Every structure is written in C-alpha cells, then in structure tokens.
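Chain residues, written in single-letter form:
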Amino acid sequence: MQANERKMVMARSKAAEVNLTVPSTLTGDHCYAWMAKQMDMYGKLPFKAWSIHSRLKVICGWYGGFRVSKKRGQRVVSHATQDARLNRILISFTDLWKLGFRIEEPRNLSGKHIDLLVQYWTGQMPALKETETKAPLSPSTIQNRLSCLRTLCIWLDKTGVVKETKFYATQLHDLKRSGIAECDKSWVGNDVDFDKVLAKAMAEQVEVGMQLLMISAFGLRLKESICFEVRQADPNRTSVWIQNGAKGGLGREVPVTTDRQREILSIVRQFAMSRPRVKHLGPADCSLLQSINRSYAVFKKIGVNKKDSGVTVHGLRHQFAHQIMEGEGLTPPVKGGARDQMPKEDRQAIEMMVSRVLGHSRTGITANYCGSSNARSAESLNITSFNSKGY
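Just so it is clear, the model here is predicted, and its values are computed rather than measured. (Residues numbered from 1 in each chain as written. Predicted model: local features only at pLDDT ≥ 70, side-chain atom pairs only at ≥ 80, totals over all residues. Heavy atoms only, no water.)

Can you walk me through the overall build of the protein in this structure?
A count of helices and strands for the protein gives 16 helices and two strands. Looking at the 391 residues of the protein, the share that counts as buried comes to 44%. In the protein, 59% of the contacts between residues at least 6 apart in sequence involve partners at least 24 apart. With an accessible surface of roughly 21600 Å², the protein has 50% of that area assigned to carbon and sulfur atoms. (Helix = DSSP H or I, 4+ residues; strand = E, 2+ residues; numbered from the N terminus. Buried < 20%, exposed > 50% of the residue type's maximum accessible area, 1.4 Å probe, protein only. Contact = heavy atoms within 4.5 Å. Areas by Shrake-Rupley, 256 points an atom, 1.4 Å probe, with all protein chains shown as cover.)

If you want it as structure tokens, here you go:
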C-alpha cells in the first residue's frame, strides 16, 4: 500500500470514530485537512493529559501540510518547511515558559504573550532565571518565528493575535531585514583563486570538484549540482535543463554560450563515463542528504567558508549572476554600477533574465546577488565604461 493510501485509510478510520464521513474525492493529507476543519480537535481528541508540546505537534500534524496564503492557493508545503515551522513554534512556547507563562493550552496564546516574546528576542528583558538579557536575535529569525506563530493562530481561528512585524518595531529594533547584497560576495571580488580551491576539492573528493565546476559555470545551487543529470553533459548542447534538486521543484533552462561551459560539460561527461551506473554527481554510495553533508564537510576542510576565506559556495552563484549582467553591458551595483547606466526598461529586462537563469521569478531577487542601484548615479560614482565581456 502506498503512503498516500495509508494516510487516507487512517484518516477515514479516525473520522469514523467521531462520526464524520470524509468525501470520496479527498485523498491522503487532504483527508486530514478536511477533518481538521470539520471537527473540534479539543473536544474530540484526548488532549487533557497531553503536554503543550504534544498538543502543538498534533496541531501541526493536522494542518501543517498546507499553505495558509490565499495568494498562493491550497498548495502543499515541503517536509522541511513543516519541520522548521513546528520547531519554531515549539521554541516560542518554550521561551514563554522561561518568561514565567506556563501555557498548557495553545488556544490561550494572546497578544500579550507575543509582545513579551518580541521583547525577550530583542534583548529588552531577561527570562526569570537569567540575570542579564541575552543578545538580540537577528530580524530574520524574529520574523520567521512571528510568521510561524501567526500561522498557528490562523489554524486555531485566532486571526489577529500576531500582528504584522512592523507593529513590534521599536526605536532600538526596527526588525527590518534585507536580502540586498551590500558588498561583493563573489569569489573574484574577494580574491579567491578558484583553480586552487578546485584542486584541493579534487584531492579530497572528485565528486565535490565536479559540483564546484557546475556551480561556477551554470550558477547552480549545491543540491542542484549534486542532482545534475549527467546525461545532459554534452558540449554540443545549447542549454541544460535544471529540474532535480531545484528550489520548489521549479525547473529552468540555463543557456550554454561560452567555451568554458562547454569545456566543463566535457569534463563532467568524461567523469560520468567512468561510472556509467551513476546518473548524478553525488557519491555513488550516498543518499542525497549524505551527499550534501559530505560536500559541506569537504568545503569546511579546504577553507571554503566565511571564517577562513571570506566566501561561501553560494558566492559562485553571485559570481555567475555578475558575469551574466556584465555580459549584457550592465555593471552590478556591488561593483560600482550606477542606476543610469542604461534605460530603466533595458536594465529591468536584464535583471529579469538574471533572475530566471538563477531559478527565481522576481526581478527584485537580482538585488540579492548584484546589489541595488537605487542610491547610485553614474555622475557620483564617475562610471564611464561597462564590461562587455560575455559570460
């Protein structure tokens, strides 16, 4: 029996216990979602003797498989998102206990509790057994926790308990986060010799070296480089299709336009021929998670991290984005590019192209890799020429 069928059978049996009949059109997790909306969980399930963490786990189990955003529709969420959401909710209630509010019932969560949590997370107040306030958490961490608590309140029909993040901002903590790159995070911009790093990676593990080559040449994420289908390693191709390992499962086409890309495809092809039964660039004897962990272990060993070299593997994606932009005659803002280098429409078209090649769908995401030119001008930066090299 498939996992989805098992879930459906279990859901229907539970529904029968509380005199509910699940519509025949619903399957798997959709049965649980429908049941959660139809039944009073606190009246039908034996929650009285359960701990707060157990109750929260059940609630997240009922509702956690789906998004709550009306804009995105009734879409399922990944297991990683479900786990992260549950973990943040549990941490939040644990912090409430530290502050002296021993909530046993999730429905008792109120706006007062949220206000105190924000004060604790921003370092404005200590817990009961702490003599000093802790260092404030980053705005992104606080926003993520508030978002998960807001989702929990929606599940519990307590919409409005967790307000928008801006309502919790103070003069000391504005809680604003920005993904816009303020400095050059590429390897070239930080004087990191790619060839030397590649040689070290190859000496440690050839698969990791191949992943670095694909990341540098096609701007892949690490997971995408591990899952890359080696059957596409043909230097005569005009593009490669990236699907396996892509964020959100959204595939994209990356053009093959340079000799370096074709050379790397040839190298990968030769490597793939040496182990014909393996269809990806990860170690043959490892699962995907093991491959990712092994790659990061190699990167740490050869010094590819902020502490040792000032860059991360993701910096190669930044570098790839810069190369595309420069190839179109536009200097990235993090390299001194000004807002008036070219007409707005042309600049936005290039930014959208960069975004799509990197696997995104919004123009604004380009600023996370190349910076924002809103505060720059060619006159103030004295920029008179552009890099017209191809990528």
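Teacher, can you tell me more about empty space enclosed by the protein here?
The gaps left among the atoms become clear once a water-sized probe is rolled over them. Counted by the stated rule, this structure contains one cavity of 30 Å³ or more. Empty space within the largest cavity amounts to approximately 60 Å³. Lining the largest cavity we find Glu224, Cys227, Phe228, Glu229, Gln232, Trp241, Ile242, Gln243 and Asn244. Here the lining of the largest cavity is built from residues that sort into four nonpolar, three polar and two charged. (1 Å grid on protein atoms, 1.4 Å probe; cavity = no way out; pocket = protein on both sides within 12 Å on 5 of 7 lines; lining within 4 Å. Points joined across faces, edges and corners; volume = space filled by probe spheres on them. Nonpolar A, V, L, I, M, F, W, Y, C, P; charged D, E, K, R; others polar.)

Help me out: how do you make sense of the confidence of the model for the protein in this one?
Low pLDDT means the predicted coordinates in that region are not meant to be read closely. When pLDDT is averaged along the protein, the result is 80, and 77% of the positions lie at 70 or above. Residue range residues 375–391 is modelled with pLDDT below 50. Its contacts to residues more than four positions away, or to other chains, number 37 contacts. (pLDDT = per-residue confidence, 0-100.)

Quick question: what am I supposed to make of the packing of aromatic side chains here?
Each pair of aromatic rings is reported with the distance of its centres and the angle of its planes. Scanning all chains against the criterion turns up two aromatic pairs. Taking the centre distance of 6.2 Å and the plane angle of 80° together, the rings of tyrosine 296 and phenylalanine 299 count as edge-to-face. With a gap of three residues between them, tyrosine 296 and phenylalanine 299 both fall in helix H12 (residues 288–301), about one helical turn apart. Here arginine 260 stacks its cationic end above the ring of phenylalanine 194, 5.6 Å away from the centre of that ring. (Phe/Tyr/Trp six-rings, centres within 6.5 Å; stacked < 30°, edge-to-face > 60°. Lys NZ or Arg CZ within 6 Å of the ring centre and 35° of its normal.)

What should I look at first to understand the nonpolar core in this one?
Most often, soluble globular proteins keep nonpolar side chains buried together rather than apart. In this structure, Trp187, Leu212, Met214, Phe218 and Phe228 are the most contacted members of the largest nonpolar core, which totals 50 residues. Contact partners of leucine 212, with chain neighbours within four places excluded, come to Trp187, Phe194, Val197, Leu198, Ala201, Phe299, Val313 and Leu316. Formed by 32 residues, the second largest nonpolar core is a distinct cluster that contains Ile59, Cys60, Ile89 and Val118. (Core = buried A, V, L, I, M, F, W, Y, C linked by side-chain atoms within 4.5 Å.)

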